[in-house]
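Close look at the chain arrangement
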Amino acid sequence: MMKFIKLPTRLVKTPCNTTPLYLDNGCIIEACRDNHVVCGDLTMLEHSILFIESGTLTLNSGRNEYTLNTGEMTILPKISRFKVSKTLNADGNFQGVFICLCKEFLHKFAQEENIDITKNPVDFHDIKVRKMNDEMLTYVKDISHMVDTHPLPGKVKLKFLELLYNLKLSYPDMLMRIFQLCKPDRAELENFMNENFIKPVSLEDLASMSGRSLSTFKREFKTCFGTTPKKWINDKRLELAYNLLLFGFYTVSDVCFMVGYDNPQYFSQLFRSKYKTQPNMIKKQALME
């Protein structure tokens, strides 16, 4: 099994061949090439567009499963997490491209193009797979070539702009979704936390996602919930884990991942502290009933 690590550092560990390109404003282009089947975990730290040049990629969020085939693309929201599996094409290859865009770059583009960024609510769980048209297929091939040639930053910037113009002309709904995702509206805190407590992210990320500074987030959280974010999040995750284990369908490692922890040993330690028993004992009890 290969473990994916968090963007925007690198997409995957070797032996997968990845070559990132960066701009100083945080925009990233990263290619991923494989000639063997790979499974792992993927956590997005930026809103990104994923393009599949060859092969198939399956993303499982625990809530839904999405499959992207050759010539398809989608938007992956920031702070989303997936179990990932790759399938090689008939020639035994897989190739995909991630493009991450920072909000400053997007907002500048919107201003220059007089694009009205609406405040329509965005469902972060709504992931739609789209077919690439000929222009987008050509664009992705150019990007794949670019990561091997390491062009000057000015040319990389032009390719980012080209992507936005392609989206504006052919996929305006996708472009608007990206704009809306990058707009930090002040979410109602209780509903926001109930939607996001299983995501394995820092408090800084949660504060940013809710449209608050870290200090404001902590202050409002204490007023709303009467406790600290860390304690509340752990309690909610462990309660969910307990209920999932009662089903008897999942392994302890599966449940650990599903409720937002990366370390099964740490998860078991927290679970034992709260429920005075090991999580595998709850699973055994469920199987006996």
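Residues numbered from 1 in each chain as written. Predicted model: local features only at pLDDT ≥ 70, side-chain atom pairs only at ≥ 80, totals over all residues. Heavy atoms only, no water.

1. Re the overall build of the protein
Helix and strand content of the protein: 11 helices and 10 strands. The burial tally for the protein puts 47% of its 289 residues in the buried class. Of the contacts made within the protein by residues no fewer than 6 positions apart, 71% connect residues no fewer than 24 positions apart. Surface accessibility of the protein: about 14,600 Å² in total, with carbon and sulfur atoms responsible for 52%. (Helix = DSSP H or I, 4+ residues; strand = E, 2+ residues; numbered from the N terminus. Buried < 20%, exposed > 50% of the residue type's maximum accessible area, 1.4 Å probe, protein only. Contact = heavy atoms within 4.5 Å. Areas by Shrake-Rupley, 256 points an atom, 1.4 Å probe, with all protein chains shown as cover.)

2. Here we look at the nonpolar core
Phe51, Ile99, Met136, Leu163 and Leu167 are the most contacted members of the largest nonpolar core, which has 34 residues in total. For this core, the leading source of residues is helix α2 (residues 134-149), giving six residues. For Leu167, the residues in contact, after removing those within four places along its chain, are Ile49, Met136, Pro172, Met174, Leu175 and Ile178. Counting residues in each nonpolar core, the second largest holds 15 residues, with Cys32, Leu59, Tyr66 and Leu76 among its members. (Core = buried A, V, L, I, M, F, W, Y, C linked by side-chain atoms within 4.5 Å.)

3. Considerations on the confidence of the model for the protein
Put simply, the protein has an average pLDDT of 81, and 82% of its residues get 70 or more. Per-element confidence in the protein ranges from a low mean pLDDT of 60 for strand β1 (residues 17-22) to a high of 96 for strand β10 (residues 130-131). Between residues 1-17, whose pLDDT stays under 50, and residues either more than four places distant or in other chains, the model counts 58 contacts. (pLDDT = per-residue confidence, 0-100.)

4. Some thoughts on the environment of Glu190
Note that Glu190 resides in helix α5 (residues 189-196). Taking the relative accessible area as the measure of exposure, Glu190 reaches 40% and is therefore partly exposed. Among all residues touching Glu190, those that are not within four sequence positions of it are Cys224 and Phe225.

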